[in-house]
Amino acid sequence: MKAKKIAVVGSANMDLVMRVKDFPKPGETLAGKDFTTAHGGKGANQAVAAARLGAQVSFIGAVGRDAFGTQQRNGLKAEGIDLRYLKSDETRPTGTAIILVADSGENMIILDAGANQSLRPEDIPPLKGHFEAVDHLVCQLETPHETILEALGLAKSCNCFSILDVAPASPLPPEFTARADLVTPNESEAEILTGIRVDSLESARKAAETILSWGTRHVVMKLGAKGSYYLGESECFVPSFEVQAVDTTGAGDAFTAALATVWGTLPVADALRFSNAAGALAATVSGAQPSMPALKEVVRLAGITFSEQ
Ligand code: RIB
């Protein structure tokens, strides 16, 4: 498979993670265990996942001039990611996420965006030459929304195919999804965007139709352990793989990155199967970036073969 060139515009965080039996209720104090720190941030997670799946990746974001920022930089560099466009914020600390992971594998996340906020719309136009040179742009919503809108607009003017992961969930004006070529909500994000509760294939179709009506060309809905659903030039549902989930943090990021890596190379149903496999494997390992799977693991689980190109 010819390596895709992927630019990721997004967040980099340090995740402070603790495991709990169940999530606490307001006012409750619970015993947690296994405290650890892990490199995270939806943007950086997707950059790392795409790099491990064989893509040539650049990461456009911002970290603080602090120990967490240095650790993030070193971690991304070790994955071979191009960091020419990673800013250092003089005043704000690196983004930090406090994450609780329950025994069920589900998580709760509280984010202080910190330095991620300093990625501004005016940082985007100088990237024109870079966007012209890459195959895909991948964005999420943990950096300022006006910056993401600018990046999607620049990608469109450069004929660079753009993927918008609408996470974390947020109501958005339709121009966001209209500027993206492909939108990847999960069930709750789709509900917040469209007002349609997604709890069946029929409701997934209705929500996807609504998002398509705003102007994007493709919707890939992440349905968690159930699988994923595509609506655009055709329609398909692809069931996921059964795995023992220990921590779902970053599983959606692994899915989106995998999709970016194979979109346009594999038929849509195979691209969803490959992405389902990446998301499922990420859920079997604790931590966000530590859980991003290698290409050969994903290929093995998905049972996909790539023709040489
Ligand atoms: O998608 C998971 C990520 O969300 C975590 O790594 C955390 O940093 C938050 O950004």
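Scroll up to find the structure this text is about.
These notes cover the structure that comes with them. A quick note: this is a predicted structure, and the numbers were derived from the prediction, not measured. (Residues numbered from 1 in each chain as written. Predicted model: local features only at pLDDT ≥ 70, side-chain atom pairs only at ≥ 80, totals over all residues. Heavy atoms only, no water.)

1. Remarks on the overall build of the chain
- Along the chain, the regular secondary structure elements total 10 helices and 13 strands.
- In terms of overall dimensions, the chain has C-alpha extents of about 50 × 45 × 40 Å along its principal axes.
- For the chain, the proportion of its 309 residues judged to be buried stands at 53%.
- When contacts within the chain are restricted to residue pairs at least 6 apart in sequence, long-range pairs at least 24 apart make up 68% of them. (Helix = DSSP H or I, 4+ residues; strand = E, 2+ residues; numbered from the N terminus. Buried < 20%, exposed > 50% of the residue type's maximum accessible area, 1.4 Å probe, protein only. Contact = heavy atoms within 4.5 Å.)

2. Here we look at the sheet that holds strand β8 (residues 136-139)
- If you trace the 9 strands from one edge of the open sheet to the other, you get β5-β4-β1-β8-β9-β10-β11-β12-β13, paired in mixed fashion. Edge positions in the sheet fall to β5 (86-89) and β13 (235-239), since each has one partner strand and no second.
- Pairing analysis gives 4 bridges linking β8 to strand β9 (residues 161-164), with the strands arranged parallel. Bridge pairing in β9 places V138 opposite I163.
- Lying on the sheet, helix α1 (residues 42-52) is in contact with β1 (5-9), β4 (56-64) and β8; it crosses β4 at an angle near 155°.
- The sheet contacts of helix α4 (residues 145-157) involve β1, β8 and β9, and relative to β8 the element is tilted by about 165°. (Pairing = 2+ DSSP bridges. Axes fitted to C-alpha atoms, helices over the stretch in contact; angles between N-to-C directions.)

3. Points about the nonpolar core
- In terms of nonpolar packing, the biggest core is built from 50 residues, with V57, F59, L76, I81, V220 and L259 touching the most fellow members.
- For this core, the elements supplying multiple residues, two or more each, are β1, α1, β4, β9, β13, α8 (251-262), α9 (268-282) and α10 (295-302).
- Excluding residues that lie within four positions of it along the chain, V57 makes contacts with I6, V8, A47, A50, A51, G80, I81 and D82.
- Ranked by size, the runner-up nonpolar core spans 37 residues in total, among them L119, V166, A190 and Y229. (Core = buried A, V, L, I, M, F, W, Y, C linked by side-chain atoms within 4.5 Å.)

4. Quick look at the packing of aromatic side chains
- Within this structure, the stated rule accounts for 2 aromatic pairs.
- Their ring planes at 50° and their centres at 5.9 Å tell us that Y230 and W263 sit as a pair that is tilted. Remark: W263 occurs in the loop between α8 and α9 and Y230 occurs in strand β12 (residues 227-231); sequence separation between them is 33 residues.
- Here W263 falls in the buried class, since its relative accessible area comes to 9%.
- The structure contains a cluster of three or more aromatic residues connected by ring pairs, namely F161, Y230 and W263. (Phe/Tyr/Trp six-rings, centres within 6.5 Å; stacked < 30°, edge-to-face > 60°.)

5. Observations regarding the site of the ligand
- Around the ligand, the structure places 13 residues, and the nearest of them are D15, G41, K42, E142 and D253.
- K42 is positioned such that a nitrogen or oxygen atom in its side chain is 2.8 Å from an oxygen atom of the ligand.
- Within the side chain of E142, an N or O atom sits 2.5 Å from an oxygen atom of the ligand.
- Relative to its unbound accessible surface of 280 Å², the ligand loses 96% to contact with the protein.
- Every element with two or more residues in the shell around the ligand is listed here: β2 (13-20) and α1.
- Of the residues assigned to the shell around the ligand, the class counts are 3 nonpolar, 6 polar and 4 charged. (Near = heavy atom within 4 Å. Polar contact = N/O pair within 3.5 Å; in protein donor to acceptor, adjacent residues only side chain to side chain. Areas by Shrake-Rupley, 256 points an atom, 1.4 Å probe, with all protein chains shown as cover. Nonpolar A, V, L, I, M, F, W, Y, C, P; charged D, E, K, R; others polar.)

6. Focus: the side chain of E142
- You can see E142 is positioned in the loop between β8 and α4.
- The charged side chain of E142 is buried without a salt bridge, its nearest counter-charge being K42 at 4.1 Å.
- A distance of 2.5 Å separates a polar atom in the side chain of E142 from a polar atom in the side chain of S11.
- A polar contact of 3.1 Å, which involves the side chain of E142, links it to the backbone nitrogen of K42.
- Apart from the residues within four sequence positions on either side, E142 is in contact with S11, N13, G41, K42, L111, A113, N116, A167 and P168. (Lys, Arg positive; Asp, Glu negative; His and termini not counted. Salt bridge = Lys/Arg side-chain N within 4 Å of Asp/Glu carboxyl O.)

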